[in-house]
Amino acid sequence: MRDKLFVMSQYLTPQLGLSRLAGRLADNDQVPALKNRVVRWFIERYGVDMSEAVDADPASYATFNDFFTRALKPGLRPVDEATDALTSPVDGAISQLGAIKDGRIFQAKGQSFNLTELLGGDEQRAKPFAGGEFATIYLAPKDYHRIHMPLAGTLKEMAYVPGRLFSVNPVTAANVPNLFARNERVVTLFDTEWGPMAMVHVGAMIVGSVETTWAGVVAPGTDGVSSVDYSADKPIRFDKGDEMGRFRLGSTVILLFPKDVMQWSDELGPESVLRMGQRIGSKVV
């Protein structure tokens, strides 16, 4: 009953307005005493390990978002540099992973969503990943919220897809149909050393925004899908492990790969805990 009430409340909540307000408050640097109280509460409530942060003093961060997107001490997340290794782009836990079947991606028992819808309704965008592989990784509030490249690659396109802002925790994933193709999201497409790769950054309730290293904060521009083609400009290249974005208040990353390119590590499954840089898959030889 509690889960049903939690899900029902999200249909009734003004998701967009509440989330945008939370984002503005998280960026506010005018009331440091209030910010410090909120940060201390957050650390205690969610068990944030500040010993991993470059700056372990919660009061030193100018805004809540600065704290939330804090950097880690060098060397804490070694990146598997093997040429056949796909690495985790984030700290988090696997929600689901596996094959994309009949153009649909498994969400939870009895739930799946459409690949083309996830990528903004563009069939050409989705075509390389038909019959391929996916992994959905959930970032909890306590996690490190910077996003890194799982493979070396070149940015091809970025698309903003408007949508709802349901929570993306396991309860909501099990109860809200089409969740990840329904929420607001930023789609990034790369040409990698293994071929095409998509990384989808899914927004959620109270998520302020997604920030990228090449375009800054990705803000909604229109009511429809908007995209930027980077293939004709000066190439934006990344090495494996390079930071490419940040969640300014948590969410989910979905990785997509073509068929017969890679395979997920056998030990991984739903609820497997990941650390950025660890091997999560291997290249198919």
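Before reading on, note that the structure itself is shown above.
From a predicted model like this one, the values you see are computed outputs, not experimental measurements.

A.B. asks: Which parts of the structure should I look at to understand the pairing of strand β5 (residues 133–138)?
C.D. replies: Regular strands place side chains that alternate from one sheet face to the opposite one. Among the six residues that make up β5, five are buried, leaving the element largely enclosed by the rest of the structure. Of the strand pairs in this sheet, strand β2 (residues 92–99) and β5 are connected by six bridges, and their pairing is antiparallel. Its bridge partner lying in β5, Q96 is registered against T136. Sheet analysis places β5 next to strand β15 (residues 252–257), joined by six bridges and oriented antiparallel. Considered in β15, the bridge of T136 is made with I254.

A.B. asks: Looking at this model, I keep getting lost on the side chain of K35. Mind explaining?
C.D. replies: Within the fold, K35 resides in helix α3 (residues 32–46). It turns out K35 is buried and unbridged, and the closest side chain with the opposite charge, D57, is 7.8 Å from it. Only 2.4 Å separates the side chain of K35 from the backbone oxygen of Y61, close enough to count as a polar contact. Once you skip the residues sitting within four places of it in the chain, K35 turns out to touch P58, A59, Y61, A62, T63 and F64.

A.B. asks: How should I be thinking about the environment of A130 in this particular structure?
C.D. replies: Within the secondary structure layout, A130 lies in the loop between α6 (123–126) and β5. A130 gets classed as partly exposed once you look at its relative accessible area, which sits at 46%. Residues within four places of A130 in sequence aside, it is in contact with L115 and K259.

Calculation criteria
- Positions within a chain are numbered from 1, following the residues in the order the chain's sequence is written.
- In keeping with the model being predicted, local features are shown solely for residues with a pLDDT of at least 70 and side-chain atom pairs are shown and tallied solely at 80 or more, while totals for entire chains, interfaces and linings include all residues.
- In computing side-chain properties, one takes all heavy atoms of the structure into account and sets aside hydrogens as well as water.
- Type-normalised accessible area, obtained with a 1.4 Å probe on protein chains alone, sets the label of each residue: buried when under 20%, exposed when over 50%, and partly exposed for intermediate values.
- Only runs of H or I of at least four residues qualify as helices and only runs of E of at least two qualify as strands under DSSP, and these elements are numbered from the N terminus.
- The rule for pairing is simple: two strands pair if DSSP sees at least two bridges between them.
- His is not counted here, nor are the chain ends, while Lys and Arg score as positive and Asp and Glu score as negative.
- Salt bridges are defined by distance alone: a side-chain nitrogen of Lys or Arg within 4 Å of a carboxyl oxygen of Asp or Glu.
- Counting of polar contacts relies on pairs of N or O atoms within 3.5 Å, with two restrictions inside protein: one atom must be capable of donating a hydrogen and the other of accepting it, and residues adjacent in sequence are counted only when both atoms are side-chain atoms.
- Contact definition: two residues touch when any of their heavy atoms are within 4.5 Å.

The analysis is restricted to geometry; functional conclusions fall outside its scope.
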